[in-house]
Amino acid sequence: MALQKSTIARSIIRPGFRSLEPFAPHAAARLAERLWFRLPDRLPTRVGVASVDGALRMRELLGAPFEVQLRGRVVRGWSWGDGPVVYLVHGWGGTLEQMTPLVSPLLERGLCVVAFDGLSHGHSDPGRHGARSSDAVELGRALDAVAARFGPARGVVAHSMGALASLLAVRDGWLATERLVAVAPPSGIPDLLERLRAELALGERSTRRLSERARRRTGYDVEALDLVRIAAALSPAERPELLVVHDLLDREAAHEPSRRLVRSWPGAQLLSTTGLGHRRVLADAAVGGAVARFVDRLPIEPTLHGEDRPQPLAPGTVLGSGRRETVASSARAGAA
């Protein structure tokens, strides 16, 4: 939310919500809902694509556009190559273009890559709640509609909120996949609600009503949309192999919840980077190679498992340069 970056906005909006709490919590919840589910006014621009002699750009041009229907609305996307299917799922306010750095390494493994824009994102139609509004459940439903066209997945690679949408799709039987890669996932909606509550200074009555409005909107209780809780509900037969990729200095989604998710998921692996942040991690060549190897059932070098702790940065390390730094390595994680 832009509110998080504006002291002026906070100084105006927070007192307004406080004043509504005693006598109009319904109005406060209605306004908070509109703010919570509103997409950014400016969608993030495409992540820089590292290519060799324009090979990735050419492969993108050789892809084929497609359209599928979701409750009378059009979801638009692109597909590349032949072979086992891998779905790329963007995050909140993102587009399929952010995922295209992963296309080339996956194609080199002989995989069919399918990416799409969720409703109200990119080139797809507006969603059920308008052009500037969406939610993780709607994104998961869009993945379901695309999967109905292209079939079961060898893998799903999902960024940020797309990871929650994808895991929900797996748990509720909308999609079957052998492998799941969650890149910079959030911990889930309960934590996001707490952050929103603190940002807006919502009272208890307004927060309860906001939770109810969210339940009516998505069909799910807020408490149910937590990654660890969703993962725990998966049976061994439906649980895909999991790789979580997360930057230690991600300012939008904290790293620690990803460690908890990996420790709760038998056999899961965690690949940690330093200095790539929340979005640049998608364009990192080393990350792309590791993701492609994992989806192709090949071993990778996971990091920060079990009881490992983030290590101090080496003297002179420059952060924010977009370079991937080596962190501690350890064995494959088991059930916690």
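On a predicted model such as this, the values are computed, not experimentally measured, just so you know. (Residues numbered from 1 in each chain as written. Predicted model: local features only at pLDDT ≥ 70, side-chain atom pairs only at ≥ 80, totals over all residues. Heavy atoms only, no water.)

Enquirer: Describe the sheet that holds strand S8 (residues 269-273), and please don't skip the residues or the numbers.
Expert: The eight strands are arranged S1-S2-S4-S3-S5-S6-S7-S8 in an open sheet whose pairing can be described as mixed. Looking along the sheet, the strands with just one partner apiece sit at the ends: strand S1 (64-70) and S8. Each strand axis lies, on average, 20° off the axis of its neighbour in the sheet, ignoring direction. Sheet analysis places strand S3 (residues 85-89) next to strand S4 (residues 112-116), joined by five bridges and oriented parallel. Across the sheet, Val89 pairs through a bridge with Phe116, a residue of S4. Across the sheet, helix H5 (residues 136-150) lies against S1, strand S2 (73-80), S3 and S4, angled at about 120° from S1, the strand it touches most. Contacts from helix H6 (residues 161-171) reach S3, strand S5 (153-159) and strand S6 (177-183), with the element oriented near 145° to S5. (Pairing = 2+ DSSP bridges. Helix = DSSP H or I, 4+ residues; strand = E, 2+ residues; numbered from the N terminus. Axes fitted to C-alpha atoms, helices over the stretch in contact; angles between N-to-C directions. Contact = heavy atoms within 4.5 Å.)

Enquirer: Describe the packing of H5 against H6, naming the residues involved and giving the relevant values.
Expert: Direction vectors running N to C along H5 and H6 enclose 60°, while the axes themselves pass 8 Å from each other. For the element pair H5 / H6, the angle class is oblique. Taken as a pair, H5 and H6 cross one another with a handedness that is right-handed. Along the contact surface, H5 presents Ala136, Val137, Leu139, Gly140 and Leu143, while H6 presents Met161, Gly162, Leu164, Ala165, Ser166, Leu168 and Ala169. (Parallel < 35°, antiparallel > 145°, perpendicular 65-115°, else oblique. Left-handed = near helix turned anticlockwise from the far one by under 90°.)

Enquirer: With reference to specific residues and values, describe the nonpolar core.
Expert: The biggest cluster of nonpolar side chains holds 61 residues, and the ones touching the most others in it are Tyr87 and Phe116. If near-sequence neighbours (up to four positions away) are discounted, Tyr87 is found in contact with Val114, Leu143, Val146, Ala147, Phe150, Gly151, Ala153, Gly155, Val156, Val157 and Leu175. Core analysis: the next-biggest nonpolar cluster, separate from the first, contains 29 residues, Trp80, Val181, Ala184 and Val281 among them. (Core = buried A, V, L, I, M, F, W, Y, C linked by side-chain atoms within 4.5 Å. Buried < 20%, exposed > 50% of the residue type's maximum accessible area, 1.4 Å probe, protein only.)

Enquirer: With reference to specific residues and values, describe helix H10 (residues 256-264).
Expert: Taken as a whole, H10 has its buried residues at Pro257, Ser258, Arg259, Leu261 and Val262. Lining the buried residues of H10 we find helix H9 (227-232), strand S7 (241-247) and S8.

Enquirer: With reference to specific residues and values, describe the pattern of salt bridges.
Expert: Summed over all chains, the structure comprises 14 salt bridges. Between Arg76 and Glu67 there is a salt bridge, with the nearest N and O atoms lying 3.3 Å from each other. Residue classification places Glu67 among the partly exposed residues on the basis of a relative accessible area of 49%. For the salt bridge of Arg279 with Glu252, the shortest nitrogen-to-oxygen distance reads 2.8 Å. Linking Arg279 in the loop between S8 and helix H11 (285-295) with Glu252 in the loop between S7 and H10, this pair joins segments that are 27 residues apart in sequence. (Salt bridge = Lys/Arg side-chain N within 4 Å of Asp/Glu carboxyl O.)

Enquirer: How would you sum up helix H7 (residues 189-200)? Please name residues and give values.
Expert: Residues lying three or four places apart along an α-helix face the same way, a consequence of the helix completing one turn every 3.6 residues. Compared with an ideal rise of 1.5 Å per residue, which puts twelve residues at 16 Å, H7 spans 16 Å between its outermost C-alpha atoms and is within 8% of the ideal. All buried positions along H7 are accounted for by Ile189, Leu193, Leu196, Glu199 and Leu200. Burial along H7 is one-sided: seen end-on, the buried residues are contained in an arc of 125°. Just beyond H7, the residue with positive phi is Ala201, at close to 60°. (Expected span 1.5 Å × (residues − 1). Arc of directions from axis to C-beta.)

Enquirer: So what about the packing of aromatic side chains? Which residues, and what values?
Expert: One pass over the full model with this rule turns up two aromatic pairs. With a centroid separation of 5.0 Å and an interplanar angle of 35°, the aromatic rings of Trp36 and Phe37 are classed as tilted. The two residues Trp36 and Phe37 agree in class, both being buried. With a centroid separation of 4.8 Å and 70° between ring planes, the pair formed by Phe66 and Phe150 is classed as edge-to-face. Residue Phe66 is found in strand S1, and its partner Phe150 is found in helix H5; the two are separated by 84 residues along the sequence. We classify Phe66 as buried; its relative accessible area is 5%. One Lys or Arg, Arg179, reaches over the ring of Phe294 and ends 4.7 Å from the middle of that ring. (Phe/Tyr/Trp six-rings, centres within 6.5 Å; stacked < 30°, edge-to-face > 60°. Lys NZ or Arg CZ within 6 Å of the ring centre and 35° of its normal.)

Enquirer: Lay out unusual backbone geometry with the relevant residues and their values.
Expert: For Ser160, which is not glycine, the phi torsion reads 55° and is therefore positive. By secondary structure assignment, the location of Ser160 is in the loop between S5 and H6. A relative accessible area of 12% means that Ser160 is categorised as buried. The backbone phi angle of Arg297 is positive, close to 70°, even though this residue is not glycine.

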